[in-house]
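Inside the fold
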Amino acid sequence: MPLRCPHRDRVLGLRRPPRPAIAVLVGAVLALLAVAPTLAARTASIASLTMAVATVTHVTQNRPGTLVLSVSDTVGSGWNVTVQSSAMAYSGLYGTTPANDIPAANLSLGTPVTPVRVSGQAVNGVNGPKVVGTGGVLTTAIKVINANSGYGLGSYTQNLPLTVVIPKNPRQGTYTATLTVTITVGP
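Rules behind the numbers
Residues numbered from 1 in each chain as written. Predicted model: local features only at pLDDT ≥ 70, side-chain atom pairs only at ≥ 80, totals over all residues. Heavy atoms only, no water. Buried < 20%, exposed > 50% of the residue type's maximum accessible area, 1.4 Å probe, protein only. Salt bridge = Lys/Arg side-chain N within 4 Å of Asp/Glu carboxyl O. Helix = DSSP H or I, 4+ residues; strand = E, 2+ residues; numbered from the N terminus. Core = buried A, V, L, I, M, F, W, Y, C linked by side-chain atoms within 4.5 Å.

**Quick look at unusual backbone geometry**
Cis geometry marks the peptide bond from G128 to P129, where omega comes out at 0°. The backbone of N169 shows a phi angle near 55°, a positive value even though the residue is not glycine. A relative accessible area of 44% means that N169 is categorised as partly exposed.

Below you can see the structure in the form of structure tokens.
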């Protein structure tokens, strides 16, 4: 409702704060909140696996390969990475029964290789990222790399030597395992 000024013959309007400016500010805050969680993150994954094709034989075979681990940290409070595997599930002409699978006990890591910096802090032999352990059977989680607090801020790769023991007379087909790569806080 317009108000009249007693001293003048003009109409005074009530002014409201401009709402579009508030909406723009709220939109900017929501966008910042949506982006904030990705600014501080740790990730680890197996980037690739290189392994030769195996031939069915009447003897047990040890097949070597290499897993390439990728680790990224934007926090810098220290971390460690473990790797574990499921059994190698068979698929092929003989069905998908567990009797045809290759057990996880047949997959093992050798001694992990020194990590390589992709970006960020340099690799520090004492505080990390650094090699942990000497490998082992992948039925349980094996720690392969870690960084102390204040180190390992960046992106790194690490080669992990893998050996698969293929039992004698395996079924001809495809074998698939699920690798679980876990990054946690603390060395």
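After that view, the rundown keeps rolling.
**Comments concerning the pattern of salt bridges**
Note on pairing: side chains with opposite charge can pair once their charged atoms come close. The full count for this structure, using the stated rule, is one salt bridge. Where R42 meets D73, a salt bridge forms, and the shortest distance between an N and an O atom there is 3.7 Å. Here R42 is found in strand β3 (residues 42-51), whereas its partner D73 is found in strand β4 (residues 61-73), with 31 residues between them in sequence.

**A short note on the nonpolar core**
Of all hydrophobic cores here, the largest spans 24 residues; its most connected members are V71, W79, V81, L109 and V144. Listing elements by their share of this core, those giving two or more residues are β4, β5 (79-85), β7 (107-109), β11 (142-147) and β12 (154-166). The dominant element in this core, judged by the number of residues it contributes, is β12, at five residues.

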